[in-house]
Amino acid sequence: MSRSRTEYDEVDSTVVLSALGSKYSAEILCAAGTPKSAQALSEDIEIPIATCYRRIEELVDAGLLTCEGRQLSEEGRRTNIYRRTLDEIEIDFSGDLPAFSRKHRTEAKNRLQDQLED
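Residues numbered from 1 in each chain as written. Predicted model: local features only at pLDDT ≥ 70, side-chain atom pairs only at ≥ 80, totals over all residues. Heavy atoms only, no water.

K.L.:
How should I be thinking about the pairing of strand β2 (residues 65-72) in this particular structure?
P.N.:
Note on strand geometry: in a regular strand, side chains alternate between the two faces of the sheet. Where β2 and strand β3 (residues 78-84) come together, seven bridges link them in antiparallel fashion. When the sheet's bridge partners are listed, Leu65 is paired in β3 with Arg84. The hairpin formed by β2 and β3 contains five residues between the paired strands, and Gly76 there has a positive phi angle of roughly 85°. (Pairing = 2+ DSSP bridges. Helix = DSSP H or I, 4+ residues; strand = E, 2+ residues; numbered from the N terminus.)

Dropping the structure here:
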């Protein structure tokens, strides 16, 4: 049996709100404007690596953060690199369910920002 659009919206709203409500999630999203590993995010925000990994998983599940690929760490291990998927999110609580307005990051903006960072 397929789910209705309303059911998807409700699940999506719950997952997004839960992810955003977790401690350090907003800081991770702000720091992930450029591709970073979990270790780099943990160090930038000064939070335990295990907490960082839990928040990253929640943010990825909510569609707010994405794994952009893998790279070698300083120790020679392959690590995932994460970047946020949006620049802005607005939540409207006036209806029966929260409604989201998202300003997604474009690939062009990501490439431009990557060039400016180099």
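K.L.:
Would you explain the packing of helix α3 (residues 38-45) against helix α4 (residues 49-61) in this entry?
P.N.:
What describes two packed helices is the angle between their axes and the distance between those same axes. Where α3 contacts α4, the two axes come as close as 9 Å, and the packing angle between them is 115°. Classified by the angle between their axes, α3 and α4 sit roughly perpendicular to one another. Considering only the axes of α3 and α4, their crossing is right-handed. Contacts between α3 and α4 involve Ala38, Gln39, Leu41 and Ser42 from the first element and Ile49, Cys52, Tyr53 and Ile56 from the second. (Axes fitted to C-alpha atoms, helices over the stretch in contact; angles between N-to-C directions. Parallel < 35°, antiparallel > 145°, perpendicular 65-115°, else oblique. Left-handed = near helix turned anticlockwise from the far one by under 90°. Contact = heavy atoms within 4.5 Å.)

K.L.:
Just checking my understanding: could you explain α3 for this structure?
P.N.:
Because an α-helix packs 3.6 residues into every turn, residues spaced three or four apart end up facing the same way. For α3, the full list of buried residues reads Ala38, Leu41, Ser42 and Ile45. For α3, the buried positions fall inside an angular range of 100° around the axis, keeping them on one side. The elements touched by buried residues of α3 are α2 (25-31), β1 (36-37), α4 and β3. Immediately downstream of α3, the backbone of Glu46 shows phi near 60°, a positive value. (Buried < 20%, exposed > 50% of the residue type's maximum accessible area, 1.4 Å probe, protein only. Arc of directions from axis to C-beta.)

K.L.:
Help me out: how do you make sense of the pattern of salt bridges in this one?
P.N.:
Two side chains of opposite charge can pair, provided their charged atoms sit close to one another. Inspection of every chain in the model, using the stated rule, returns four salt bridges. For Arg55, the salt bridge is made with Glu58, and the minimal N-O distance between the two is 3.6 Å. Of this pair, Arg55 and Glu58 are both found in helix α4, three residues apart, which corresponds to roughly one turn of the helix. What makes Arg55 buried here is its relative accessible area of 15%. Overall, the relative accessible area of 26% leaves Glu58 in the partly exposed class. Salt-bridge contacts for Asp87 lead to Arg84; the nearest nitrogen and oxygen are separated by 3.4 Å. (Salt bridge = Lys/Arg side-chain N within 4 Å of Asp/Glu carboxyl O.)

K.L.:
Would you explain α4 in this entry?
P.N.:
Here α4 spans 18 Å end to end across 13 residues, near enough to the 18 Å set by a 1.5 Å rise per residue. Those residues of α4 not exposed but buried are Thr51, Cys52, Arg55, Ile56 and Leu59. In a view along the axis of α4, the buried residues occupy a sector of 135°, so they form one face of it. Exposed residues lying more than 90 degrees from the buried face of α4 are Glu57 and Asp61. One or two positions beyond α4, positive phi appears at Gly63, with a value near 80°. (Expected span 1.5 Å × (residues − 1).)

K.L.:
Which parts of the structure should I look at to understand the layout of surface pockets?
P.N.:
Space left empty within the atom packing is revealed by a probe, the size of a water molecule, rolled over the atoms. By volume, the largest pocket amounts to about 300 Å³. Along the walls of the largest pocket sit 14 residues, with Ser37, Gln39, Ser73, Glu74 and Glu75 positioned nearest its centre. The set of elements that each furnish at least two residues to the lining of the largest pocket consists of α3, α4, β2 and β3. By residue number, the principal contributor to the lining of the largest pocket is α3, which donates three residues. For the lining of the largest pocket, the class distribution of residues is five nonpolar, five polar and four charged. When its volume is computed, the second largest pocket comes out at roughly 190 Å³. (1 Å grid on protein atoms, 1.4 Å probe; cavity = no way out; pocket = protein on both sides within 12 Å on 5 of 7 lines; lining within 4 Å. Points joined across faces, edges and corners; volume = space filled by probe spheres on them. Nonpolar A, V, L, I, M, F, W, Y, C, P; charged D, E, K, R; others polar.)

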